[in-house]
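Topology and contacts: notes
Okay, here's what each chain looks like letter by letter:
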Amino acid sequence: MTNLKIAIAGPRGRMGREAVLLVQETEGYELAAVLDHKNGGGLLSDFDGFAGMEVPVYSDVQLLMQEVHPDVLIDLTTPEVGMLHTKTALEHGVRPVVGTTGFTKEQLQELEELCHDKGIGCIIAPNFALGAVLMMKFSQMAGRYFQDVEIIELHHDQKLDAPSGTAVKTAEMIAEVRETKQQGHPEEKETIKGARGANYDGMHIHSVRLPGLIAHQQVMFGADGQTLTIRHDSYNRASFMSGVKLAVDTVVKIDTLVYGLENIIE
Ligand SMILES: NC(=O)C1=CN([C@@H]2O[C@H](COP(=O)(O)OP(=O)(O)OC[C@H]3O[C@@H](n4cnc5c(N)ncnc54)[C@H](OP(=O)(O)O)[C@@H]3O)[C@@H](O)[C@H]2O)C=CC1
Ligand SMILES: O=C(O)C1=N[C@H](C(=O)O)C[C@H](O)C1
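Residues numbered from 1 in each chain as written. Chains lettered and ligands numbered in written order. Predicted model: local features only at pLDDT ≥ 70, side-chain atom pairs only at ≥ 80, totals over all residues. Heavy atoms only, no water.

An unreviewed UniProt entry lists the chain under the name 4-hydroxy-tetrahydrodipicolinate reductase, with Cytobacillus gottheilii given as the organism. According to the UniProt record, the Function (unreviewed entry) comment for the chain reads "Catalyzes the conversion of 4-hydroxy-tetrahydrodipicolinate (HTPA) to tetrahydrodipicolinate." (UniProt positions renumbered as here; feature names shortened; annotations may be inferred.)

Quick look at the overall build of the chain
A tally of regular secondary structure across the chain gives seven helices and 12 strands. Taken against the 2.2 N^0.38 rule, which gives 18 Å for 266 residues, the C-alpha radius of gyration of the chain at 20 Å falls within 12% of a compact globule. The principal-axis extent of the C-alpha atoms belonging to the chain is close to 60 × 40 × 30 Å. Classification of the 266 residues of the chain by burial places 50% in the buried group. Taking the contacts inside the chain whose residues are at least 6 apart along the sequence as the reference set, 70% of them involve residues at least 24 apart. (Helix = DSSP H or I, 4+ residues; strand = E, 2+ residues; numbered from the N terminus. Rg over C-alpha atoms; globule rule 2.2 N^0.38 Å. Buried < 20%, exposed > 50% of the residue type's maximum accessible area, 1.4 Å probe, protein only. Contact = heavy atoms within 4.5 Å.)

Some details on the sheet that holds strand 2 (residues 29-35)
Strand order across the open sheet formed by seven strands is 3-2-1-4-5-6-12, with parallel pairing between neighbours. The open sheet has two free edges, formed respectively by strand 3 (57-58) and strand 12 (257-259), since each of these has just one partner strand. Here strand 1 (residues 4-9) pairs with strand 2 via six bridges, running parallel. The residue of strand 2 that forms the bridge with Lys 5 is Glu 30. (Pairing = 2+ DSSP bridges.)

A closer look at the site of ligand 1
Within the structure, ligand 1 sits among 22 residues, and Arg 12, Met 15, Thr 101, Ala 125 and Phe 128 are positioned closest to it. Here a nitrogen atom of ligand 1 and a backbone polar atom of Gly 99 are 3.2 Å apart. A distance of 2.6 Å separates an oxygen atom of ligand 1 from a polar atom in the side chain of Thr 101. Relative to its free-state accessible area of 920 Å², ligand 1 is covered by the protein chains to the extent of 81%. Going through the elements one at a time, helix 1 (14-25) and helix 3 (79-91) are the ones with two or more residues in the shell around ligand 1. Its residues assigned to classes, the shell around ligand 1 shows seven nonpolar, 10 polar and five charged. (Near = heavy atom within 4 Å. Polar contact = N/O pair within 3.5 Å; in protein donor to acceptor, adjacent residues only side chain to side chain. Areas by Shrake-Rupley, 256 points an atom, 1.4 Å probe, with all protein chains shown as cover. Nonpolar A, V, L, I, M, F, W, Y, C, P; charged D, E, K, R; others polar.)

Section: the sheet that holds strand 8 (residues 198-200)
In space, the five strands of this open sheet follow the order 8-9-7-10-11, with mixed pairing throughout. Each end of this open sheet is capped by a strand with a single partner; those strands are strand 8 and strand 11 (226-234). Each strand of the sheet is rotated relative to its neighbour by a mean of 20 degrees, with strand direction disregarded. Where strand 8 and strand 9 (residues 203-209) come together, three bridges link them in antiparallel fashion. The residue of strand 9 that forms the bridge with Ala 198 is Ile 205. Across the sheet, helix 5 (residues 130-143) is in contact with strand 10 (215-223) and strand 11; its angle to strand 11 comes to roughly 165 degrees. (Axes fitted to C-alpha atoms, helices over the stretch in contact; angles between N-to-C directions.)

Brief notes about the packing of aromatic side chains
This model, assessed by the stated rule, comprises one aromatic pair. For the pair Phe 146 and Phe 221, a centre-to-centre distance of 5.9 Å together with 50 degrees between the ring planes defines the contact as tilted. With Phe 146 in the loop between helix 5 and strand 7 (148-155) and Phe 221 in strand 10, this residue pair connects regions lying 75 residues apart in the sequence. Considered together, Phe 146 and Phe 221 belong to a single accessibility category, that of buried residues. Here Lys 169 stacks its cationic end above the ring of Tyr 259, 4.1 Å away from the centre of that ring. (Phe/Tyr/Trp six-rings, centres within 6.5 Å; stacked < 30°, edge-to-face > 60°. Lys NZ or Arg CZ within 6 Å of the ring centre and 35° of its normal.)

A short note on the UniProt feature "domain: Dihydrodipicolinate reductase N-terminal" (unreviewed entry) in the chain
The sites that UniProt annotates as "domain: Dihydrodipicolinate reductase N-terminal" (unreviewed entry) are residues 5-128. Across residues 5-128, helical content stands at 38% and strand content at 20%; the span's end C-alpha atoms are separated by 20 Å.

Written out as structure tokens, the structure reads:
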């Protein structure tokens, strides 16, 4: 059997480095190229922490797709360029696995249509940690019974997007089953702007950013005389890698866009 040729966008990033290790260590995977906007032309081994990795580095996504034509592109960059990378991959018949967060509903729709036109799969996972996926599913279950919910996501202070992709996905999943309600007192007023967080369909989302944190989320439900708290913690970025592997193994077998690992873990 031939190896699965994989390219990684953002290899020097916090997640990208873990993904490089995953691909290097997985039997049947081959790291065919990496995409690095600052360092096209050399080899991955030129950078700190990648000794012995003689993998070509591209700075141009088009060129990478044309010359390498990998089976899968794993994108772990930023929402601005992640969209361009994902679209370019699909246009070249390359299947994207996207961990990058911050895509809009319209962008997801556009990618879904592109997958349909090309007849190939793409997986966009706001959170690859299987425990986090379960936390979202359990929260959705609870949302059937509790209308009042506050989502508190906590991340390291280098994170660019707020709220996190996980918090947005959690709110979307709860909204699918929860009867819409504007929470809190109808005459509630913020004396400091932002005190009640972001509002999604009447639910509130609070984003905490602190050095020392990695990725954490707590979903709190309240009803008369009781609260229910569902919490997940990622203490390192290796926690995301089994989900990345599941997504890579799955994306080569599907021909549609999948948004969220909860759609493939059953
Ligand atoms: N789905 C999941 O489970 C998870 C998703 N994430 C998401 O993954 C993404 C990356 O996170 P993280 O690794 O922490 O972030 P980092 O900032 O550590 O890494 C991002 C990488 O993208 C690179 N990059 C920036 N701009 C470009 C560009 N124009 N073209 C190509 N590469 C570029 C950066 O390079 P440089 O620094 O040189 O600019 C950097 O190497 C984020 O969107 C984050 O929310 C994170 C953790 C888990
Ligand atoms: O930037 C991060 O670190 C993370 N981003 C993802 C998100 O926005 O939900 C996943 C995880 O929470 C870590």
